[in-house]
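Chain residues, written in single-letter form:
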Amino acid sequence: MRHRPLGRTGLTVSEIGFGCASYWGLSRFDEGEAVRLVHRALDLGITLFDTAPGYSRGEAEPRLGRALRGRNVSGLVVATKVGTFHAGGGRTGRDFSPAAITASVEASLKRLGLERLALVQLHGPAAAELNDDLFAALERLRERGLVAAFGANSFDPEVIAAVIAAPSLDVVMLDYNVLRPERVALIEAAAARGKGVLAGMPLAMGHVDGQIRKVRGLRDLWYAARALKNHREELALAERFAFLRHLEGMSAAQAALAHVLANPHVACAVTGTTRLAHLEANAAASGLVLPDEVRMKIYEAQQG
Ligand SMILES: NC(=O)c1ccc[n+]([C@@H]2O[C@H](COP(=O)([O-])OP(=O)(O)OC[C@H]3O[C@@H](n4cnc5c(N)ncnc54)[C@H](OP(=O)(O)O)[C@@H]3O)[C@@H](O)[C@H]2O)c1
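Everything in this summary refers to the structure shown in the same document.

What counts, and where the lines are drawn
- Residues numbered from 1 in each chain as written.
- Predicted model: local features only at pLDDT ≥ 70, side-chain atom pairs only at ≥ 80, totals over all residues.
- Heavy atoms only, no water.
- Near = heavy atom within 4 Å.
- Polar contact = N/O pair within 3.5 Å; in protein donor to acceptor, adjacent residues only side chain to side chain.
- Areas by Shrake-Rupley, 256 points an atom, 1.4 Å probe, with all protein chains shown as cover.
- Helix = DSSP H or I, 4+ residues; strand = E, 2+ residues; numbered from the N terminus.
- Expected span 1.5 Å × (residues − 1).
- Buried < 20%, exposed > 50% of the residue type's maximum accessible area, 1.4 Å probe, protein only.
- Arc of directions from axis to C-beta.
- Contact = heavy atoms within 4.5 Å.
- Axes fitted to C-alpha atoms, helices over the stretch in contact; angles between N-to-C directions.
- Parallel < 35°, antiparallel > 145°, perpendicular 65-115°, else oblique.
- Left-handed = near helix turned anticlockwise from the far one by under 90°.
- Nonpolar A, V, L, I, M, F, W, Y, C, P; charged D, E, K, R; others polar.
- Disulfide = S-S within 2.5 Å.
- Pairing = 2+ DSSP bridges.
- Patch = residues over 30% accessible without salt bridge, like charges linked within 9 Å, V, L, I, M, F, W, Y side chains within 5 Å.
- Salt bridge = Lys/Arg side-chain N within 4 Å of Asp/Glu carboxyl O.
- Core = buried A, V, L, I, M, F, W, Y, C linked by side-chain atoms within 4.5 Å.

The next point concerns the site of the ligand. Near the ligand lie 25 residues; those nearest to it are D50, T273, T274, R275 and H278. Between R275 and the ligand, the recorded distance is 2.6 Å, taken from a side-chain N or O atom to an oxygen atom. About the coverage of the ligand: the protein hides 93% of its 870 Å² of free accessible area. For the shell around the ligand, the secondary structure elements donating two or more residues are helix 8 (218-230) and helix 11 (276-284).

Spanning 12 residues, helix 5 (residues 132-143) covers 16 Å between terminal C-alpha atoms, matching the ideal 16 Å at 1.5 Å per step. Within helix 5, the full set of buried residues consists of L134, F135, A137, L138 and L141. Projected down its long axis, helix 5 shows its buried positions confined to an angular sector of 155°, all on one face. In helix 5, the exposed residues that point more than 90 degrees away from the buried face are D132, D133 and E143. Tucked inside the fold, the buried residues of helix 5 contact helix 4 (98-112), strand 8 (117-123) and strand 9 (147-153). N-cap assignment for helix 5: the residue whose side-chain oxygen lies 3.1 Å from the backbone N of D133 is N131. Looking one or two places after helix 5, you find G145, whose phi comes out positive at around 80°.

Where helix 2 (residues 31-43) meets helix 11, the closest approach of the two axes is 10 Å, and the angle between their N-to-C directions is 20°. As the angle between them shows, helix 2 and helix 11 are arranged roughly parallel. Pair helix 2 / helix 11 crosses with right-handed handedness. Contact residues: L37, R40 and A41 in helix 2; L276, L279 and E280 in helix 11. Its residues placed into classes, the contact of helix 2 with helix 11 shows 4 nonpolar, no polar and 2 charged.

Let us look at the state of the cysteines. Within the structure shown, the criterion is met by 0 disulfides. Sulfur of C20: no disulfide; nearest cysteine sulfur belongs to C268 and is 12 Å away. Residue classification places C20 among the buried positions, given a relative accessible area of 0%. With a relative accessible area of 0%, C268 lands in the buried category.

Along strand 3 (residues 16-19), one buried face is formed by I16 and F18 and the opposite face, lined by G17 and G19, is buried too. Of the strand pairs in this sheet, strand 3 and strand 12 (residues 266-271) are connected by 3 bridges, and their pairing is parallel. Counterpart to G17 in the pairing with strand 12 is V270. Of the pairings in the sheet, the one linking strand 3 to strand 4 (residues 48-50) comprises 2 bridges and is parallel in character. Considered in strand 4, the bridge of G19 is made with D50.

Among the surface-exposed residues, V215, L218 and L221 lie close enough to one another that they form a single nonpolar patch of about 280 Å² accessible area. Counting through the fold element by element, V215 comes out in the loop between strand 11 (196-200) and helix 8.

Ordered in space as 3-4-5-8-9-10-11-12, the 8 strands form a closed barrel in which the pairing is parallel. Neighbour-to-neighbour, the strand axes of the sheet open up by a mean angle of 30°, direction not taken into account.

So, on to the packing of helix 2 against helix 3 (residues 60-68). Packed helix pairs are specified by the crossing angle of their axes together with the interaxial distance, meaning the distance between the axes. Where helix 2 contacts helix 3, the axes come no closer than 9 Å and their chain directions differ by 60°. Taken together, helix 2 and helix 3 sit at an angle that is classed as oblique. Crossing hand, helix 2 versus helix 3: right-handed. Where helix 2 abuts helix 3, its residues E31, A34, V35, V38, H39 and L42 lie against R63, L64, R66, A67 and L68. Looking at the contact of helix 2 with helix 3 residue by residue, the classes come out as 7 nonpolar, 1 polar and 3 charged.

Attention shifts here to the nonpolar core. Counting residues in each nonpolar core, the largest one holds 85 residues, and the members touching the most others are F18, W24, L122 and L169. Of the residues forming this core, the biggest block, 8 residues, is contributed by helix 10 (residues 252-261). Excluding its chain neighbours within four sequence positions, the residues that come into contact with W24 are F18, F29, A34, L37, V38, A60, R63, L64, Y223, T273 and T274. Grouped together as the second largest cluster of nonpolar side chains are 15 residues, A79, A118, L119 and A149 included.

See below:
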């Protein structure tokens, strides 16, 4: 596994990160399997684990805490979020007030069993919520030694631009994958300001691999239902990249990750998975180089 600096945070992260979200975090997904995935990720040299208080109906963060118990966490970047929470019944609540942000970090530390968080990200803030009171609360958490670096996770270009301009924020996590070439300008702007860049959804939720057609169990049905409910546009767009499913020497998912990591400003591609074979394939994408003709075909598919 290769590692890259996370902007100017002083942190170093593995090129492939592990997303502790979605089906992985749900109690209906076997705890033993979920924990084994985290331990295998550690063995493979993965050092960035991304989660949030509200992920997987609030079950992902405490599960990650249990998975890391007894492990050496000193070199890890355990990243969580603030501003959103599980409000019951599968609903997500939002609160970006300074008091809520402070309480959220303190509760996450307990659930994760950590004394300090390497990275805390604002989870989908509105541009207007990025105000001085919020930044002052973040700086107080930094001064208390509870958090090393702050960032924000957004898929909204206007918010991402505001995050890049904010001195208190060191990292931006955005949706960068083969379907999103328009993110390159924002990634370059972030790097020019010394921000670390994390690619969330680097596999476009598995759509590039045609995951939705490979229903083998409950977990696949869950992802298929989510895609049909929320991501029909991405599903259709991903079909332009179907040629990636027939490459020699690499899977579509690996090609998608290699594409994301070909951007030198991306520190880490954060992928979620519930399968050991997928985790191992994703880890093996670190260091893969796409042949020129594949890069050209991706470019052509992106042009429509
Ligand atoms: N999705 C979002 O809206 C969002 C927002 C903010 C941050 N994030 C962060 O980014 C991470 C990744 O997001 P995501 O939406 O891509 O992940 P995700 O929601 O966890 O979904 C990943 C999908 O890709 C499939 N997959 C993973 N590795 C694969 C492989 N090698 N071959 C084929 N299919 C593979 C998974 O299926 P298997 O389980 O079968 O592998 C799953 O269907 C999240 O876990 C989270 O930490 C996501």
